[in-house]
Amino acid sequence: MAIKSREVRKGGQMYWDEKLETMPAAEIQKFQLRKLKETVAWAYERVPFYRRKLDEKGIKPNGIKSLEDIARLPLTVKNDLRDNYPFGLCAVPLTEVVRVHASSGTTGKPITGPYTAADLNDWTDCMARNLWAAGVRPDDIAQNAYGHGLFTGGLGFHQGLSRIGCMLVPTSSGLTERQITLMKDFGTTALFCTPSYALTIAERAEELKVDIRKLPLRVGVFGAEPWSSAMRLEIEERMGIKAQEAYGLTELCGPGVGFDCVAQDGIHINEDHFLAEIIDPQTHAPLPLGEKGELVFTSLQRRAMPMLRYRTKDITRLRRETCRCGRTFIKMDKIFGRSDDMLIISGVNVFPSQIESLLLEIPEVEPQYRLVVRKKGYLDQLIVQVEGRKEIYDAGPERRLQIAAKVTAHIKGMMGIGVDVDLVEPKFINRSEGKALRVVDERPKHLR
Ligand code: DLL
């Protein structure tokens with residue numbers, strides 16, 4: 001109750017934490033250096049894995065003198081988390097852990113994310129900043145359709161929305177028809193889910209003859225998977241809302257690592273908690289601001305599971321500029337894709353999001369697609385399966401071939417790669433309730 005009344009007073013304000021979010025960059029960096037030293041010492045003293053890796057490189061915590069020294073620290077990868085499953089990287093006794101989330105990923109053992117009470121509090125605050133920047137306010141009716149459970153999306157948003165003091169409707173994901181009924185009955189004003197699930201909801205509503213654009217829904221905060229700017233526009237158009245962004249990963253806390261504001265011009269990173277770098281994914285050399293590469297994060301305040309230089313595999317670039325919204329946190333571009341989803345077709349690097357943008361420019365197809373990669377002799381063959389709009393599909397094989405040829409030519413013209421387009425029937429592609437499966441790699445493992 002105390003929080004609600006405090007935040008109601010903040011309803012007209014732009015920032016959740018004005019002083020912090022608009023702090024001059026030099027001050028943020030000073031704070032980061034202090035926290036980096038503390039984190040390296042915390043990890044060194046409490047986690048044998050980090051102590052070994054730092055000792056191997058001859059680095060002692062008191063050797064960190066500047067932010068640039070971060071480049072001397074060892075990198076951490078997902079396999080390190082798997083090898084230390086479930087709690088080998090935990091820096092506190094398990095009695096101090098009050099929550100564990102986990103992410104299964106696509107292969108192998110899950111990775112775990114333990115939190116102390118203070119970690120949970122920090123995470124909640126990061127989420128509140130994210131939601132506030134998206135325009136979510138205490139008088140919103142908030143439908144949280146991220147999966148609730150081990151996945152960090154559901155509970156992460158739940159905590160942030162509770163801190164803001166919204167009327168929270170924790171639907172979790174799935175049961176799409178019920179999502180739409182509740183949206184109508186309760187007068188939902190804000191929706192939270194993956195972008196692909198937002199599209200599934202929009203499509204089902206159209207089938208049920210419910211015009212979401214006429215409902216009170218006005219904003220959505222979407223994330224957990226790559227989505228192109230074209231997809232953002234598509235969702236905004238179909239739902240009549242502002243589609244805002246949340247970015248994060250289980251290894252760091254979940255959502256709340258980065259967020260966009262109403263300017264929709266890049267993702268602000270919560271820099272008091274996460275130190276971002278871009279490296280060359282092949283050589284691991286740090287890249288200067290503005291260059292595209294792999295995003296690497298070091299946590300600055302996490303107690304249960306500190307993270308030193310975690311390789312996200314997400315490809316983006318960093319920008320240091322004051323945003324039109326006045327926030328000074330460093331920004332990153334919308335995630336281009338994951339390096340492990342990157343395909344090399346006829347020598348060209350291809351991210352699914354690039355194909356997605358091009359498909360969305362063709363009015364005769366639905367924004368439902370899947371990329372299948374096969375071997376054709378020694379070459380990689382990319383098959384773009386995309387659904388034709390119903391009237392196109394029903395118009396017969398000739399029209400279908402014509403549209404498939406149009407899509408092929410568009411992709412060839414814009415990206416210079418030859419793909420085979422398979423115009424599939426409406427509803428052929430499985431509808432997503434969480435993270436959409438966009439790439440099906442049918443190549444033998446040793447030939448990928
Ligand atoms: O997906 C946390 C999350 C939940 C973020 C809800 C946003 C909203 P993981 O399951 O560990 O955590 O997956 C992390 O998802 O490395 C990215 O590849 C991808 N990802 C997350 N947010 C975005 C985004 C959650 N906004 C992985 N844009 C990350 C693109 C994203 N990719």
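Structural data are supplied above this passage.
Okay, so let's go over this structure. Note that the structure is predicted; figures quoted are calculated from it, not measured. (Residues numbered from 1 in each chain as written. Predicted model: local features only at pLDDT ≥ 70, side-chain atom pairs only at ≥ 80, totals over all residues. Heavy atoms only, no water.)

**What to know about the side chain of Lys 35**
Move 1: Looking at the element boundaries, Lys 35 is found in helix α3 (residues 25–46).
Move 2: The exposure class assigned to Lys 35 is buried, which follows from its relative accessible area of 14%.
Move 3: Apart from residues no more than four positions distant in its own chain, Lys 35 is found in contact with Leu 300 and Gln 301. (Helix = DSSP H or I, 4+ residues; strand = E, 2+ residues; numbered from the N terminus. Buried < 20%, exposed > 50% of the residue type's maximum accessible area, 1.4 Å probe, protein only. Contact = heavy atoms within 4.5 Å.)

**Side note on the side chain of Thr 171**
Move 1: In this fold, Thr 171 is placed in the loop between β4 (167–169) and α8 (176–186).
Move 2: Classification of Thr 171 by relative accessible area gives buried; the value is 9%.
Move 3: Engagement of the side chain of Thr 171 in a polar contact is seen with the backbone oxygen of Asn 144, the distance being 3.2 Å.
Move 4: Those residues in contact with Thr 171 that lie beyond four places of it in its chain are Gln 143, Asn 144, Ala 145, Arg 178, Gln 179 and Leu 182. (Polar contact = N/O pair within 3.5 Å; in protein donor to acceptor, adjacent residues only side chain to side chain.)

**Things to note about the pattern of salt bridges**
Move 1: For the coordinates displayed, the defined rule picks out 43 salt bridges.
Move 2: A salt bridge links Glu 271 to Arg 320, with the nearest nitrogen and oxygen atoms 2.9 Å apart. Of this pair, Glu 271 sits in the loop between β9 (267–269) and β10 (274–279) while Arg 320 is found in the loop between β13 (318–319) and β14 (331–332), placing the two residues 49 residues apart along the sequence.
Move 3: Under the relative-accessibility criterion, Glu 271 is labelled buried at 3%.
Move 4: The exposure class assigned to Arg 320 is partly exposed, which follows from its relative accessible area of 27%.
Move 5: The shortest N-O distance in the salt bridge between Lys 390 and Asp 394 comes to 2.6 Å. You can see Lys 390 and its partner Asp 394 sitting in helix α12 (residues 390–394), four residues apart, about one turn around the helix.
Move 6: Each of Asp 265, Arg 317, Arg 319, Glu 321, Lys 331 and Asp 333 takes part in one network of salt bridges that share partners. (Salt bridge = Lys/Arg side-chain N within 4 Å of Asp/Glu carboxyl O.)

**Let's talk about helix α4 (residues 48–56)**
Move 1: If you check which residues of α4 are buried, you get Phe 49, Tyr 50, Lys 53 and Leu 54. The arc that holds every buried residue of α4, seen down its axis, measures 120°, which confines them to one face. The exposed set on the far side of α4, more than 90 degrees from its buried face, consists of Pro 48 and Glu 56.
Move 2: Looking at the buried side of α4, the elements it contacts are α3 and α5 (78–83). (Arc of directions from axis to C-beta.)

**Section: empty space enclosed by the protein**
Move 1: Applying the stated criterion across every chain, the model contains three cavities of 30 Å³ or more.
Move 2: The volume enclosed by the largest cavity comes to roughly 80 Å³.
Move 3: Contributing to the lining of the largest cavity are Tyr 115, Asp 119, Asp 122, Trp 123, Cys 126, Leu 252, Cys 253, His 273, Phe 274, Gln 301, Arg 302 and Arg 303.
Move 4: It is helix α6 (residues 117–133) that provides the largest number of residues to the lining of the largest cavity, a total of four residues.
Move 5: For the lining of the largest cavity, the per-class residue count stands at six nonpolar, two polar and four charged. (1 Å grid on protein atoms, 1.4 Å probe; cavity = no way out; pocket = protein on both sides within 12 Å on 5 of 7 lines; lining within 4 Å. Points joined across faces, edges and corners; volume = space filled by probe spheres on them. Nonpolar A, V, L, I, M, F, W, Y, C, P; charged D, E, K, R; others polar.)

**Thoughts on unusual backbone geometry**
One can expect most non-glycine residues to show negative phi and most peptide bonds to be in trans.
Move 1: The amide bond that connects Tyr 85 to the next residue, Pro 86, takes the cis arrangement and shows omega of -5°.
Move 2: Here Pro 86 is to be found in the loop between α5 and β1 (97–103).
Move 3: Its identity is not glycine, yet Ser 172 carries a phi of approximately 60°, on the positive side.
Move 4: Note on placement: Ser 172 falls in the loop between β4 and α8.

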